[in-house]
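# Residue-level structure breakdown
Each chain, written out:
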Amino acid sequence: MDELYVHEERAVAPSLGIDAARVLAHALRARRLEAGWTALLVSLWVLDFLLAQGFFYLFLLSCALLLLAAWARGGAMGPFRADYPGADGVTVTRRRAAAVLRLLGCLSLLSYVASALTQALTDEPDPSGLQGLAPALTTGSDTTAAWFALVIPAAMATAVALHREHVARVLATDLEPETFADISADPAEGYEGGRFQRVRALIRREQHSPVILYHDRHPFLGAGTAHDTWTLAVELRPREGGDPVPLDNRVILERIRPLVEKLRTPSIQGTGRTGHTAGTATESRDRLRGLELDECVFLKVTGLRSRSFVPYGEADFARERAEAVEEGGEIRRHFLRIRVGAWREEVVTTVFVRVHTQGGMLMLEFAPHVLRPIRPDFRAVDRLSDSHRRGGLPGKVVWAVGRTPTAAGRAVIHAFRSAAFVWRMYAGGYEAAIPDGPWISVRELGSDTGASLFQEMDVSRYLKSVEDRVANGVRRALDEAGWETGEFEQKVINVSGGGVFIESAENSAFGFGDHNTISNTTGSTGSTGNTGSTGSTRGAGSTGGNGGGGGHGDG
């Protein structure tokens, strides 16, 4: 909400696999619905303060203890909580603290109920309850106050139960896949707020545009986590006996493009099994079939007076691309972008490739990024809400009674947070501020920290396939233009594999790993070579230089 709606001066990060405008629309709708339920609970708090007299403070103490316990426990604090192992991600110490606070809160709440019942039914205070522990809080409380102390929390419990039913209904109807696909019938899109309409238009103009506004601190924001980024520089040497043709960046990119596009071609495989008709074949379902390849230009927002001034038109982008592809500028950069969306767009692999020739050198930049799957909480909520709707009335009543103290406490906190949100939105003056690059990606906020082994294997396969095609395209461009390709082939194999290319090893010794002992002794004139010695530490290895004896560690 802060990134997309309050900070209107910030450009939106590229939305790979999502529509950030619809995410914002539903976030605003959720905020409005939550504000209505918050207003109802806060009104009940005010009534409790005015009518329950000293019992109000006892109920407030119970809610505060249980709310602290919920905070210490961690995890989501809304109507639905993910119940898979490790969902809360808290330490054992916090769990124990939460258990202690929960015990104290439950005891105080039971004493509160017993005291209110005793006062309401007998018109006498209960010395064994919490009133006996804190008589000053309930001094002057009468029978009417005791009844209000019982009725108002019951009304809060009813509101909490209805709130959960409302959320479950929205999840089951408005956010159901078939209904959600119809954007014209989406109630969240029908909101007519002026600020929302303006921000939504900006987001839809920017989020999928090939012109990307970036921030210095994280230029590839939105693409995920960097994955084995490498840069290769090789000198352009004419092939022996040939007359090389000058190369520019566009020629190399056009050689790379068709090779990468061929990855979309599915393999045809016959079944070959007994009982099947001869010649029957099925197409491969590999996600590389949906590979997307385009060109993008990264622009820094410095110097712009408004996000609306960015050249997003087709003619403007064509001009920016033509100028940026042949320059090695620091602020404006051109990339070939290769994207593979797998696992229903939950695992998105994006490779940014940049080629630049300067001063007889060829520079190749390979920057893969991976968006991890959506956090399990988001997938769990559908199952949890469905279980709630299928559950019986007794279970719903027990849940609402148990959650009322924490829900009532959260309502007060949410009221202050909503007021602070409105203050930031209208008092910040962000709509007229100088444009800034994006600071947060909505898609990355919803990403998990890891992926399954199958998903990691798929990412590795996509990256290796694209990497091989890109390197092959550059090699072919060099070969067809009459340039030497041997050095490029050597370097790209080493550097892309995470190794180090050593161009010369004369009078040298090298060690790889930890705890090596390296020596390089230069012999007298006429000596046949040098010697290299290695440590015997496990996992270590080294080589001697200049053709001398090279040893390897025992790892």
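Residues numbered from 1 in each chain as written. Predicted model: local features only at pLDDT ≥ 70, side-chain atom pairs only at ≥ 80, totals over all residues. Heavy atoms only, no water.

## A look at the overall build of the protein
Defined as follows: Strands are runs of DSSP state E lasting at least 2 residues, helices are runs of H or I lasting at least 4, and numbering of each runs from the N terminus. For every residue, the accessible area obtained with a 1.4 Å probe (protein chains only) is divided by the maximum for its type, and the residue is called buried under 20%, exposed over 50%, and partly exposed between those limits. Only heavy atoms enter the contact rule, under which two residues are in contact if any of them lie within 4.5 Å.
Along its length, the protein carries 15 helices and 13 strands. Across the 555 residues of the protein, 41% fall into the buried class. Pairs at least 24 apart in sequence give 73% of the contacts found in the protein among residues at least 6 apart.

## With respect to the pattern of salt bridges
A side chain with one charge can pair with a side chain of the opposite charge if their charged atoms come near. Worth spelling out the cut-off: Think of a salt bridge as a Lys or Arg side-chain nitrogen and an Asp or Glu carboxyl oxygen that are within 4 Å of each other.
This structure, assessed with the given rule, holds 36 salt bridges. For Asp-174, the salt bridge goes to Arg-29, with nearest N and O atoms at 2.8 Å. Of this pair, Asp-174 sits in the loop between helix 6 (143-172) and helix 7 (177-180) while Arg-29 sits in helix 2 (residues 20-51), placing them 145 residues apart in sequence. A relative accessible area of 16% places Asp-174 in the buried class.

## As for the packing of aromatic side chains
Selection criterion: Two rings from Phe, Tyr or Trp (for Trp, the six-membered ring) form a pair when their centres are within 6.5 Å of each other. A pair whose planes differ by under 30 degrees is stacked, one over 60 is edge-to-face, and the rest are tilted. A ring is considered to have a charge above it if a Lys NZ or an Arg CZ atom is located within 6 Å of its centre and within 35 degrees of its normal.
Under the definition given, this model contains 15 aromatic pairs. Seen in terms of ring centroids, Phe-220 and Phe-352 are 4.7 Å apart; in terms of plane orientation they differ by 45°. Their pairing is tilted. Within this pair, whereas Phe-220 is found in the loop between strand 1 (211-214) and strand 2 (225-226), its partner Phe-352 is found in strand 8 (residues 347-358), the two being separated by 132 residues in sequence. The class of Phe-352 is buried, set by a relative accessible area of 3%. Among the aromatic residues, those joined into a ring-pair cluster are Trp-45, Phe-49, Phe-55, Phe-56, Tyr-57, Phe-59 and Tyr-112. Here the basic side chain of Arg-22 rests over the ring of Phe-180, its NZ or CZ set 3.8 Å away from the ring centre.

## Brief notes about a positive patch on the surface
The condition is simple: Surface patches are drawn from residues lacking salt bridges whose relative accessible area is over 30%; two like charges belong together within 9 Å, two nonpolar side chains (Val, Leu, Ile, Met, Phe, Trp, Tyr) within 5 Å. Here, Shrake-Rupley sampling with a 1.4 Å probe gives the accessible areas, and only protein chains in the shown set may cover a residue. We treat Lys and Arg as the positive residues and Asp and Glu as the negative residues; His and chain ends play no part in the count. To locate a charge, the coordinates of NZ of Lys, CZ of Arg, CG of Asp or CD of Glu are taken.
Residues Arg-285, Arg-287, Arg-289 and Arg-344 make up a contiguous surface patch of positive charge. Residue classification places Arg-285 among the exposed residues on the basis of a relative accessible area of 75%.

## Section: a nonpolar patch on the surface
A surface patch of nonpolar side chains, about 620 Å² in accessible area, is lined by Val-46, Leu-47, Phe-49, Leu-50, Leu-51, Tyr-57 and Leu-60. Among the elements of the structure, helix 2 and helix 3 (55-73) are those that each provide at least two residues to the nonpolar patch. With 5 residues, helix 2 is the single largest residue contributor to the nonpolar patch. If you trace the backbone, Leu-50 turns up in helix 2.

## Quick notes on the pairing of strand 1
Note the threshold: Criterion used throughout: strands pair if DSSP finds at least two bridges between them.
A two-sided burial pattern is seen for strand 1, the buried positions comprising Val-211 and Leu-213 on one face and Ile-212 and Tyr-214 on the other. In this sheet, strand 6 (residues 292-300) lies alongside strand 1 in parallel orientation, the contact comprising 4 bridges. Among the inter-strand pairings, Leu-213 is bridged to a residue of strand 6, identified as Leu-299.

## Overview of the packing of helix 3 against helix 12 (residues 393-427)
Test applied: Fitting a line to C-alpha atoms yields each axis, with helices limited to the stretch in contact; the angle taken between N-to-C directions then spans 0 to 180 degrees. Angular relationships are summarised with four words: roughly parallel below 35 degrees, roughly antiparallel beyond 145, roughly perpendicular across 65 to 115, and oblique for the angles in between. Note on residue categories: nonpolar means Ala, Val, Leu, Ile, Met, Phe, Trp, Tyr, Cys or Pro, charged means Asp, Glu, Lys or Arg, and polar means any other residue, Gly included.
The N-to-C vectors of helix 3 and helix 12 enclose an angle of 85°; their axes lie 8 Å apart at closest approach. One element, helix 3, and the other, helix 12, form an angle in the roughly perpendicular class. On helix 12, the residues that touch Cys-63, Leu-66, Leu-67 and Ala-70 of helix 3 are Pro-405, Thr-406, Gly-409, Arg-410 and Ile-413. Partitioning the contact of helix 3 with helix 12 into residue classes produces 6 nonpolar, 2 polar and 1 charged.

## So, the UniProt feature "transmembrane region" (unreviewed entry) in the protein
Defined as follows: UniProt positions are given in the numbering used here, feature names are shortened, and annotations may be inferred rather than shown by experiment.
Mapped onto this numbering, the UniProt entry gives "transmembrane region" (unreviewed entry) at residues 50-71 and 100-121. The straight-line gap between the two end C-alpha atoms of residues 50-71 is 28 Å; of that span, 86% is helix and 0% is strand. In residues 100-121, the share of helix is 100% and the share of strand is 0%. The end C-alpha atoms are 32 Å apart.

## Focus on unusual backbone geometry
Phi is positive for Gln-53, which is not a glycine, with a value near 55°. Note on placement: Gln-53 falls in the loop between helix 2 and helix 3. The exposure class assigned to Gln-53 is partly exposed, which follows from its relative accessible area of 30%. With a phi angle near 65°, Glu-345 is a residue other than glycine that sits in the positive phi range. Along the polypeptide, Glu-345 turns up in the loop between strand 7 (333-342) and strand 8.

## Side note on the environment of Arg-389
Position of Arg-389 relative to the elements: it lies in helix 11 (residues 376-390). Among the residues examined, Arg-389 registers a relative accessible area of 38% and is labelled partly exposed. Residues Arg-389 and Glu-165, 224 residues apart in the sequence, show an inter-C-alpha distance of 7.8 Å.

## Quick word on helix 8 (residues 194-206)
Short version of the rule: Any helix carries an expected span of 1.5 Å times its number of residues minus one. By arc we mean the arc of the directions from the helix axis to the C-beta atoms, nothing more.
Look at helix 8: 19 Å from first C-alpha to last across 13 residues, which is about the 18 Å you get at 1.5 Å a residue. Of the positions making up helix 8, those classed as buried are Arg-195, Phe-196, Val-199, Arg-200, Leu-202, Ile-203 and Glu-206. Along the axis of helix 8, the buried positions cluster into a sector of 165°, meaning they face one direction only. Residues of helix 8 that are buried sit in contact with helix 1 (2-6), helix 2 and helix 12.

## Regarding the packing of helix 2 against helix 8
Two elements in contact, helix 2 and helix 8, have axes whose closest approach is 9 Å; the angle formed by their N-to-C orientations is 155°. In this view, helix 2 runs roughly antiparallel relative to helix 8, as classed from their interaxial angle. Facing Ala-20, Ala-21, Arg-22, Leu-24, Ala-25 and Leu-28 of helix 2, the residues of helix 8 in contact are Phe-196, Val-199, Arg-200, Ile-203 and Arg-204. Along the lines of polarity and charge, the residues of the contact of helix 2 with helix 8 split into 8 nonpolar, no polar and 3 charged.

## Considering the nonpolar core
Here is the rule we go by: Put simply, a nonpolar core is a bunch of buried Ala, Val, Leu, Ile, Met, Phe, Trp, Tyr and Cys residues held in one set by side-chain atoms that sit within 4.5 Å of each other.
Residues Leu-291, Ile-338, Val-353, Leu-364 and Val-470 are the most contacted members of the largest nonpolar core, which totals 39 residues. Of all the secondary structure elements, the ones that give two or more residues to this core are strand 3 (230-235), helix 9 (249-261), strand 7, strand 8, strand 9 (361-371), helix 14 (453-480) and helix 15 (486-496). Considering every element that reaches this core, the biggest residue donor is helix 14, with 9 residues. Sequence-distant contacts of Ile-338, defined by excluding residues within four places in its chain, comprise Val-260, Leu-291, Glu-292, Leu-293, Thr-349, Thr-350, Val-351, Val-353, Val-466 and Val-470. In this structure, Leu-44, Leu-58, Ala-120 and Met-156 belong to the second largest nonpolar core, which totals 21 residues.

## Topic: the environment of Arg-337
By the element assignment, Arg-337 lies in strand 7. Residue Arg-337 is classed as buried on the basis of its relative accessible area, which comes to 9%. Sequence separation of Arg-337 and Phe-352 is 15 residues, and the distance between their C-alpha atoms is 4.7 Å. When sequence neighbours within four positions are dropped, the list of residues in contact with Arg-337 reads Ser-209, Pro-210, Ile-212, Glu-292, Leu-293, Asp-294, Cys-296, Thr-350, Val-351 and Phe-352.

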